[in-house]
Amino acid sequence: MDPSMSAERDELRAMLGAAHTIAVVGLSPRPGRPSFEVASYLRDHGYRIVPVNPNVTEVLGERAYPSLLDVPEEIAIDVVDVFRRAEHTPAVARDAVAIGAKMLWLQEGILSDEAYAIATDGGLDVIMGVCIMKVRKRLMGELG
């Protein structure tokens, strides 16, 4: 096994283990949607979910906010998990930096060099193009 892969896995496990609150940008209230499935999984595994979607007022029993900037300051966001098209992610990255998040996570199929640069320049760790639920399952031994 490549030692760098093991170190990367350990670092990811530590980051997800330290996270308590995950803002899910683009969280749909519809059970069949990937964002709903991922957020439900994360909630069921002990994370506080903060829905961010301007079109709804509540998802998974949690109050939804129109944007990250609308989330009250007393709710400390650790991870911003993004279910938006790549062209929308630079603005989300700017907001994630502004609220003091620790990590920007762009879901499967979402890649943005601009969002990456904004977030890393702002001191955030960035993961792009992979599903946070699948990564967590793999890290925690839930997948074979």
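Treat the numbers as computed from the prediction; the structure is a model and nothing was measured.

Enquirer: Before we go on, may I ask you to explain the sheet that holds strand β6 (residues 103-108) in this structure?
Expert: The pairing of strands in a sheet comes from backbone hydrogen bonds and takes either a parallel or an antiparallel form. Pairing within the open sheet is parallel, and its 5 strands lie in the order β2-β1-β5-β6-β7. Since the sheet does not close on itself, it has two edges, and those belong to β2 (48-52) and β7 (125-129), each with one partner. When strand polarity is set aside, the average angle formed by the axes of neighbouring strands in this sheet is 20°. Here 4 bridges tie strand β1 (residues 21-25) to strand β5 (residues 79-82), and the two strands are oriented parallel to one another. By the bridge assignment, Ala 23 is partnered in β5 with Val 80. Sheet contacts for helix α2 (residues 34-44): β1, β2, β5 and β6; angle to β2, the most-contacted strand, approximately 155°. The sheet strands contacting helix α5 (residues 132-139) are β1, β5 and β6, and the helix crosses β6 at an angle near 100°.

About the criteria used
- Residues numbered from 1 in each chain as written.
- Predicted model: local features only at pLDDT ≥ 70, side-chain atom pairs only at ≥ 80, totals over all residues.
- Heavy atoms only, no water.
- Pairing = 2+ DSSP bridges.
- Helix = DSSP H or I, 4+ residues; strand = E, 2+ residues; numbered from the N terminus.
- Axes fitted to C-alpha atoms, helices over the stretch in contact; angles between N-to-C directions.
- Contact = heavy atoms within 4.5 Å.

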